[in-house]
Amino acid sequence: MTMDHDMKPPAGVNPNIPSIARVYDYWLGGKDNFAADREMGDRVKAVVPEMPVMAYHNRLFLRRAVQYLAGEAGVGRFLDLGAGLPTMENIHEVAQKAHPEAQVVYVDNDPVALTHARALLATTGNTHVVDGDMYQPEQILAEAESLMGLDQPIAVMMLAMLHFLPDEDAYRVVRTVMDAMPPGSYLVISHIGDSPQLRKAASFYSASGTGAVLRSPEQIAKFLDGLELVPPGVVPLPEWRPDESVPALDRMTGMAAICGVGRKL
């Protein structure tokens, strides 16, 4: 399902206010975005030209992480916080290739993302979409428990979303969610790093009402404290278990974005 740029926005959507999910969709070549989203995407790209490539590498990392978790690790339940708009190889599509009965709960609060996700998943019994606020993880956990249960290991996906939460909330959300997970669960994160260019790009988000917090690799690794890191640990996106989808010449691109996977013992 794609959106004609000239179509009337869904109810509750102000097309003049850029959305994180829709800017990301624009960088990935999608059509589910408005002029304000494209303008914001272009402003950020003017300062950090590699940002669309980092977005692409983030999707490649998602695929590799889910392949590992659903396959080698044998995880059958996924909780995706800040899922965004459906795009190339979504979690349920990757997971269910390796684990046909895998269950996925997607969580977002962008009305366009929710509308498109629900349309895509209308006939998918093991996949659910939840309207959830990242600042209220207890409500998200209650929804996830009702939909798929929290009694078996779960892979919690927090990709490219923690840098939109201030420190006190970001670490609280991670701690609250992971405390509720049973042993054998995993946390998967990706996060923009820090640089003068990225700080300027972050200022554009702040000016539009969406704060972005840049963190060092050490600060990003702190989200995985207490978990057993899956090798190679906390590394730039292209360096996490690269496969043929990440050409050697491209592995320096996206170095400003950090990722990691940890297992709860």
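Under an unreviewed UniProt entry, the protein chain has the name SAM-dependent methyltransferase and belongs to Nonomuraea insulae.

**Student:** Tell me about the overall build of the protein chain, residues and numbers included.
**Tutor:** Secondary structure summary: the protein chain contains nine helices and eight strands in total. Taking all 265 residues of the protein chain together, the buried fraction comes to 53%. A fraction of 71% describes how many contacts in the protein chain between residues 6 or more apart in sequence connect residues 24 or more apart. If you sum the accessible surface of the protein chain, you get close to 11,600 Å²; carbon and sulfur atoms cover 52% of it.

**Student:** Which residues make up the nonpolar core, and what values do they have?
**Tutor:** In globular proteins that are soluble, nonpolar side chains generally tend to be buried together. Core analysis: the largest hydrophobic core is formed by 48 residues, its most contacted members being Phe61, Leu69, Phe78, Met157 and Trp240. With ten residues, helix α3 (residues 51-70) is the largest single contributor of residues to this core. In this structure phenylalanine 61 touches Leu159, Val188, Ile189, Ser190, Leu237, Trp240, Cys259, Gly260 and Val261, once residues within four positions along its chain are discounted. Ile154, Met158, Val174 and Ile220 belong to the second-largest nonpolar core, a separate cluster that totals 31 residues.

**Student:** I'd like to hear about the packing of helix α1 (residues 20-27) against helix α2 (residues 35-47), residue by residue, with values.
**Tutor:** As a packed pair, α1 and α2 sit with axes 9 Å apart at the nearest point and diverge in direction by 65°. For the element pair α1 / α2, the angle class is roughly perpendicular. Handedness of the crossing formed by α1 with α2: right-handed. Between α1 and α2, the contacting residues are Arg22, Val23, Tyr26 and Trp27 on the first element and Asp37, Arg38, Met40, Gly41, Asp42, Val44 and Lys45 on the second. Tallied by class, the residues present in the contact of α1 with α2 amount to five nonpolar, one polar and five charged.

**Student:** Quick one: what's the story with the pairing of strand β8 (residues 257-263), residue by residue and with numbers?
**Tutor:** The side chains of a regular strand alternate, residue by residue, between the two faces of the sheet. Of all seven residues in β8, six are buried; the element is thus mostly enclosed. Both strand β5 (residues 186-192) and β8 contribute to a ladder of seven bridges, which runs antiparallel. Along β8, the bridge assignment pairs tyrosine 186 with arginine 263. The pairing of strand β6 (residues 228-229) with β8 spans two bridges and is antiparallel. What sits directly across from leucine 229, in β8, is glycine 262. In this sheet, β8 lies alongside strand β7 (residues 235-236) in antiparallel orientation, the contact comprising two bridges. Bridged to proline 236 within β8 is isoleucine 258.

**Student:** Give a description of the environment of methionine 161 that names residues and reports values.
**Tutor:** For methionine 161, the position within the fold is in the loop between β4 (155-159) and α7 (167-179). Its relative accessible area of 7% is what places methionine 161 among the buried residues. Taking the C-alpha atoms as reference points, methionine 161 and methionine 134, separated by 27 residues in sequence, lie 9.1 Å from one another. What methionine 161 contacts, discounting residues up to four positions off in sequence, is Leu81, Met134 and Ser190.

About the cut-offs
Residues numbered from 1 in each chain as written. Predicted model: local features only at pLDDT ≥ 70, side-chain atom pairs only at ≥ 80, totals over all residues. Heavy atoms only, no water. Helix = DSSP H or I, 4+ residues; strand = E, 2+ residues; numbered from the N terminus. Buried < 20%, exposed > 50% of the residue type's maximum accessible area, 1.4 Å probe, protein only. Contact = heavy atoms within 4.5 Å. Areas by Shrake-Rupley, 256 points an atom, 1.4 Å probe, with all protein chains shown as cover. Core = buried A, V, L, I, M, F, W, Y, C linked by side-chain atoms within 4.5 Å. Axes fitted to C-alpha atoms, helices over the stretch in contact; angles between N-to-C directions. Parallel < 35°, antiparallel > 145°, perpendicular 65-115°, else oblique. Left-handed = near helix turned anticlockwise from the far one by under 90°. Nonpolar A, V, L, I, M, F, W, Y, C, P; charged D, E, K, R; others polar. Pairing = 2+ DSSP bridges.

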